[in-house]
Amino acid sequence: YDAPVASYWPEFAANGKERVLVKHFLSHSAGLSGLDAQVAIEDLYDWDKITGLLAAQRPWWEPGTRSGYHALTQGYLIGEIVRRVTGRTLGAFFRSEIAAPLGADFHIGLDEREFGRVADLVPPPPASLAGNVDPESIAARTFRSPPIDALASRTAAWRKAEIPAANGHGNARSVARIQ
């Protein structure tokens, strides 16, 4: 947990991140709760693009000094460490090391043959950040790029992609078993 991320992912050391530790990823304190680059939701399906953007980005705060929910970026950050250490994607690692041994029917990145078992997500009513939030605040920037549309979860591209913080597929029994 105290190892520098760059010892596994050398490119990550760019722009002031050479002292970011693995534990900063796990505690949402890496300063990378969102992306500076404007990306489309389809860009989330491109693992190398998103991890490349995260590796190149300057942290929004000094890593380890505070926490801020890394809503979508968390899965890519941890997933890239897993990929660099094991040679497997987070979805493949999760399936073989966690889900399969537990008999949990849960997937990060779904095979097309399983699509018939997936219910369409019913989006919640539109939400916005409460009050007069500065559009340049970390909270606003975290959820700006990409803007997430819950209906994207109904597409084949979303279901197949490994977006570890946002598109796990399973039932209540599998989630309970994993927990």
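In short, a report on the structure.

### Some points on the environment of Ala166
Part 1: Take Ala166: it is sitting in the loop between helix H6 (156-160) and strand S2 (168-170).
Part 2: For Ala166 and Ile108, which are 58 residues apart along the polypeptide, the C-alpha to C-alpha distance reads 8.9 Å.
Part 3: Ignoring sequence-local partners within four residues, the contact set of Ala166 consists of Leu72 and Trp158.

### Re the packing of aromatic side chains
Part 1: Scanning the model with the defined rule gives 5 aromatic pairs in all.
Part 2: Ring geometry for Phe12 versus Phe25: centroids 5.4 Å apart, planes at 85°, classification edge-to-face. Taken together, the positions of Phe12 in the segment before helix H1 (22-26) and Phe25 in helix H1 put the pair 13 residues apart, joining distant regions of the chain.
Part 3: Residue classification places Phe12 among the buried positions, given a relative accessible area of 0%.
Part 4: Residue Phe25 is classed as buried on the basis of its relative accessible area of 1%.
Part 5: Members of the aromatic cluster, each reached through a chain of ring pairs, are Trp9, Phe12 and Phe25.
Part 6: Sitting above the plane of the Phe12 ring, Lys17 keeps its charged end 4.8 Å from the centroid.
Part 7: For Arg159, the ring lying beneath its charged end belongs to Phe115, and the centroid distance is 5.9 Å.

### Some words on the layout of surface pockets
Part 1: By volume, the largest pocket amounts to about 380 Å³.
Part 2: Lining the largest pocket we find 21 residues, and of these Val118, Ala119, Gly168, His169 and Gly170 sit closest to its centre.
Part 3: Breaking the lining of the largest pocket down by element, the ones donating at least two residues are H6 and S2.
Part 4: Per-element tally for the lining of the largest pocket: the top contributor is S2, with 3 residues.

### What to know about the nonpolar core
Part 1: Of all hydrophobic cores here, the largest spans 25 residues; its most connected members are Val5, Phe12, Phe25 and Leu44.
Part 2: Among the elements of the structure, H1, helix H2 (47-56) and helix H3 (73-86) are those that each provide at least two residues to this core.
Part 3: Sort the elements by how many residues they give to this core and H2 lands first, with 4 residues.
Part 4: Once residues lying within four places of it in the same chain are set aside, the contact partners of Phe25 are Val5, Trp9, Phe12, Val20, Ala30, Gln74, Leu77, Ile78 and Ile81.
Part 5: Among the nonpolar cores identified, the runner-up in size contains 5 residues, and Ala99, Ala104, Phe106 and Ile108 belong to it.

### Structural notes on the pattern of salt bridges
Part 1: All chains considered together, the criterion is met by 14 salt bridges.
Part 2: We note a salt bridge from Arg117 to Glu114, for which the minimum N-O separation is 2.6 Å.
Part 3: The exposed category is assigned to Arg117, whose relative accessible area is 54%.
Part 4: For Glu114, a relative accessible area of 23% corresponds to the partly exposed category.

### Examining H2
Part 1: Within H2, burial applies to Trp47, Ile50, Thr51, Leu54 and Ala55. With its buried residues spanning 135° around the axis, H2 presents them on a single face.
Part 2: Where H2 is buried, its residues touch H3.

### Some details on helix H4 (residues 90-102)
Part 1: Look at H4: 17 Å from first C-alpha to last across 13 residues, which is about the 18 Å you get at 1.5 Å a residue.
Part 2: The sharpest bend along H4 comes to roughly 35°, located at Ser96.
Part 3: Those residues of H4 lying buried are Leu90, Gly91, Phe94 and Ala99.
Part 4: Considering only its buried residues, H4 is in contact with H3, strand S1 (106-108) and helix H7 (172-178).
Part 5: Just past H4, the residue Gly103 takes up positive phi, approximately 65°.

Rules used throughout
Within any chain, residue numbers begin from 1 and follow the written order of that chain's sequence. A pLDDT threshold of at least 70 governs which residues receive local features in this predicted model, and a stricter bar of 80 or more applies before side-chain atom pairs are shown or counted, although totals over entire chains, interfaces and linings include all residues. Side-chain measures here rest on the full set of heavy atoms in the structure, leaving out hydrogens and waters. Secondary structure follows DSSP: runs of H or I at least 4 residues long count as helices, runs of E at least 2 residues long count as strands, and numbering of each begins at the N terminus. It only takes one pair of heavy atoms within 4.5 Å for two residues to be counted as in contact. Stacked, edge-to-face and tilted are the three classes for Phe, Tyr and Trp ring pairs, Trp counted by its six-membered ring, which pair at centre distances within 6.5 Å; planes under 30 degrees apart are stacked, over 60 edge-to-face, the rest tilted. In this scheme, a residue with accessible area under 20% of its type's maximum is buried, one over 50% is exposed, and one in between is partly exposed, where area comes from a 1.4 Å probe on protein chains only. Either the NZ atom of lysine or the CZ atom of arginine qualifies as a charge over a ring when it sits within 6 Å of the ring centre and within 35 degrees of the ring normal. With a 1 Å grid laid over protein atoms only, a set of points is called a cavity when a 1.4 Å probe fits there but cannot get out and a pocket when it is open yet has protein on both sides within 12 Å along at least five of seven lines; lining residues have an atom within 4 Å of a point. Grid points are joined across faces, edges and corners, and a volume is the space filled by probe spheres set on the points. To form a nonpolar core, buried Ala, Val, Leu, Ile, Met, Phe, Trp, Tyr and Cys residues must be joined to one another through side-chain atoms within 4.5 Å. Every case where a carboxyl oxygen of Asp or Glu lies within 4 Å of a side-chain nitrogen of Lys or Arg is listed as a salt bridge. This arc describes the spread of directions from the helix axis toward the C-beta atoms. Expected span of a helix: the number of residues minus one, times 1.5 Å. Bending is quantified residue by residue as the angle between axes fitted to the seven-residue window ending at that residue and the seven-residue window starting at it.

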